[in-house]
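As a plain string of letters, each chain reads:
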Amino acid sequence: MTSTQAAAAKNKFERFKAEKDGLAVKDELEGFAKIGWEALDKTDLEHRLKWVGVFYRPVTPGKFMLRLRMPNGILSSAQLQVLAEIVQRYGEDGSADITTRQNLQLRGIRLEDVPEIFARLHAAGMTSMQSGMDNVRNITGSPMAGLDADELIDTRALVKSVQDMITAAGSGNPAFTNLPRKFNIAIEGGRDNSVHAEINDIAFVPAYKDGRLGFNVLVGGFFSAKRCAAAVPMDVWVPPKEDIVVSLCRAILLAYRDNGLRANRQKARLMWLIDEWGIEKFRAEIEGACGFALETAAPEDEICWEKRDCLGVHAQKQPGLNYVGLHVPVGRLQAQDMFELAQVAEVYGSSEVRLTVEQNAIVPNIPDDRLESFLSEPLLERFSITPEPLERALVSCTGAQFCNFALVETKSRALDIARQLDAELELPKGVRMHWTGCPNSCGQPQVADIGLMGTKTRKDGKTVEAVDLYMGGKVGKDAQLGNCVRKAIPCEELPGVLSEILIEKFAAQPRVASVQ
Ligand code: SRM
Ligand code: SF4
């Protein structure tokens, strides 16, 4: 019995993957669309469709979520317009979310429309292939890539090449569709660790070696309900060359595919294999698979800045051009927002839009003499460049509105509380608050100044929505993960609890009520 067969004997996910590869549904979509979602095989419906980015939502049966891939968080106005048209047809059910991986998810999708939607995505140069389940997620890179005068490495082409290798340029690549578990890759090119490299299974971090600029490689970072771990150094430095970066990613993925632990899904992420092998054996195996010698790591990485949030107007390295970061409250976009965002990028910029892991948007390449009229666009009343400090740095996962794992409502509650506290308190500087609806940590509470993780508790004899409180997460230079410092705070008590914390730990001052 092979190790994969042994795992299949123990684990229902391994069993159904062994029976039929998830990617097989790619060729069955026309048939699915004809028979309708209610007639689908349960495993195809609830699991295998995720291999092509189509997520059945038990909270809203019949209205699916479509998770795209946005390498480096970059898309064109024309692409955004196509996505806006797709969600617009679903009326109130249609919307989109910018995700914590610089990506877009569309809501309200009907299964009968999926073949046509896929044809439109393909025609517009987009894909949703392999974006869910045991596949590699959207690959992140600095949202200022190619714009920032202080950037070290422009990661755009590298990120795209790695995605193309993994997904066979978006058509689906069976070599990587049966990993033991999900997998995250980030390629950072700036000095401020804008993508939280250390929480990825593979992280490329800029570093000079003997005067040459390249990347130190970290491996094994992940969050799960059972365990959260920052990535550890692999003791490897690579030059920023596409063939080398792609080969290294391929070798790690194949080693993980063939040797990763599969019997227990709670112990299947890459770090568990690194624990079992030890980092020296891991490095040696990968080097053997690469077929070329790996250089040892550079002594230091070049992450030397506090993380920037990209909001507001910033001069680019191209003289006379600017990028403007717009705050999209908790990442939620309606069709009209998407049309307008696409349009302002076309009219004032270079028809390009970028997304950030803070769930915000950037419009690059706006000439100096077009800035003033850009800033007076009505869209900027909704997507401000100067939001109040708590709202500014607010991140939230999907939560109970659409996610069946959620223990609490997140996005609307996060926004209401941030707005209430912004109205009551004056803050000397931003405080990064991250909400996540359950221990899966999609909203990354461990990287926040204040992280809030949904749970349930008992109050006055009743079960109520509550949060565990995380503090101490640090991003950018010397990034570190925060820890749970207090458990099960009922959500209705949160405004008071957070107000006290903000006053005691973040030097907030109550605002003086204005005299009428
Ligand atoms: Fe996540 C599962 C949403 C980023 C850890 N995540 C889910 C599912 C698919 C569960 C489900 O089927 O309902 C959620 C879909 C809800 C929905 O309808 O939107 C979901 N995850 C999200 C997003 C949309 C949160 C957001 O609002 O931005 C993010 C999508 C990113 C993307 O574009 O691909 C998202 N998820 C993350 C991150 C953050 C990151 O990657 O930096 C994490 C923690 C980092 C990590 O994975 O190491 C994360 N999601 C998980 C886990 C726990 C993984 C584990 O090893 O245990 C699950 C559950 C699972 O995989 O079994 C999960
Ligand atoms: Fe859903 Fe939990 Fe992820 Fe939030 S953290 S999107 S509630 S799985």
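Looking at an unreviewed UniProt entry, one finds the chain named Precorrin-3B synthase and attributed to Rubidibacter lacunae KORDI 51-2.

Trainee: Help me understand the overall build of the chain, please; the structure alone is not making it clear to me.
Mentor: Secondary structure assignment for the chain yields 16 helices and 24 strands. Taking 24 Å as the expected radius of gyration for a compact globule of 516 residues, we find that the chain reaches 22 Å, a close match to that expectation. Each of the three principal axes of the chain carries a C-alpha extent, and together these read 80 × 60 × 50 Å. Pairs at least 24 apart in sequence give 67% of the contacts found in the chain among residues at least 6 apart.

Trainee: What is the right way to read the site of ligand 2 from this model?
Mentor: Every one of the 13 residues lining ligand 2 counts as a neighbour, but Cys397, Cys403, Gly437, Cys438 and Cys442 are closest to it. Looking at the shell around ligand 2 residue by residue, the classes come out as six nonpolar, seven polar and no charged.

Trainee: Sorry, what's going on with the site of ligand 1 here?
Mentor: Neighbouring ligand 1 are 32 residues; Thr99, Asn103, Ser224, Thr398 and Cys442 lie closest to it. Of the residues contributing to the shell around ligand 1, the split by class is eleven nonpolar, 13 polar and eight charged.

Trainee: It is not clear to me how the sheet that holds strand 6 (residues 140-141) should be interpreted in this structure. Could you clarify?
Mentor: The strands making up a sheet associate through backbone hydrogen bonding, with each pair oriented either parallel or antiparallel. Spatially, five strands are ordered 6-7-8-9-12 in an open sheet, and the strand pairing comes out mixed. Taken across any chain shown, the strands that pair with only one partner, and hence form the sheet edges, are strand 6 and strand 12 (232-238). Relative to strand 8 (residues 202-209), strand 7 (residues 185-187) is paired through three bridges, and the arrangement is parallel. Paired with isoleucine 187 across the strands is phenylalanine 204, a residue of strand 8.

Trainee: Just checking my understanding: could you explain helix 7 (residues 156-167) for this structure?
Mentor: Every α-helical turn comprises 3.6 residues, leaving residues that sit three or four positions apart pointing alike. Over its twelve residues, helix 7 extends 17 Å from the first C-alpha to the last, a length consistent with the 16 Å expected when each residue adds 1.5 Å. Those residues of helix 7 not exposed but buried are Leu158, Val159, Val162, Gln163, Met165, Ile166 and Thr167. Taken together, the buried residues of helix 7 touch strand 6, strand 7 and helix 8 (242-259). Backbone geometry just after helix 7 places alanine 168 at a positive phi near 50°.

Trainee: It is not clear to me how the domain arrangement of the chain should be interpreted in this structure. Could you clarify?
Mentor: By a frequent convention, interface size equals the accessible area lost on bringing the separate parts together. Entries for the chain in the domain assignment read domain 1 (1-130 + 310-386), domain 2 (179-307) and domain 3 (391-510). Of note, the centres of domain 2 and domain 3, computed from C-alpha atoms alone, are 30 Å apart. Facing 14 residues of domain 2, the contacting portion of domain 3 comprises eleven residues. Class assignment of the residues belonging to the side of domain 2 that touches domain 3 gives a composition of eight nonpolar, two polar and four charged.

Trainee: Explanation requested: the sheet that holds strand 14 (residues 321-326) in the structure shown.
Mentor: Reading across from one edge, 3-16-17-14-13 is the order of the five strands in this open sheet, with antiparallel pairing throughout. Since the sheet does not close on itself, it has two edges, and those belong to strand 3 (74-76) and strand 13 (312-315), each with one partner. Across the sheet, the axes of successive neighbouring strands diverge by a mean angle of 30°, strand direction being ignored. Sheet topology places strand 13 next to strand 14; four bridges connect them, and they run antiparallel. Opposite valine 313, over in strand 14, you have valine 324 as the bridge partner. Lying over the sheet, helix 5 (residues 77-88) contacts strand 3 and strand 16 (352-355), oriented at roughly 80° with respect to strand 3.

About the criteria used
Residues numbered from 1 in each chain as written. Chains lettered and ligands numbered in written order. Predicted model: local features only at pLDDT ≥ 70, side-chain atom pairs only at ≥ 80, totals over all residues. Helix = DSSP H or I, 4+ residues; strand = E, 2+ residues; numbered from the N terminus. Rg over C-alpha atoms; globule rule 2.2 N^0.38 Å. Contact = placed C-beta atoms within 7 Å. Near = placed C-beta within 6 Å. Nonpolar A, V, L, I, M, F, W, Y, C, P; charged D, E, K, R; others polar. Pairing = 2+ DSSP bridges. Expected span 1.5 Å × (residues − 1). Buried ≥ 20, exposed ≤ 12 C-beta atoms within 10 Å, placed from the backbone. Domains from an automatic or database assignment. Axes fitted to C-alpha atoms, helices over the stretch in contact; angles between N-to-C directions.

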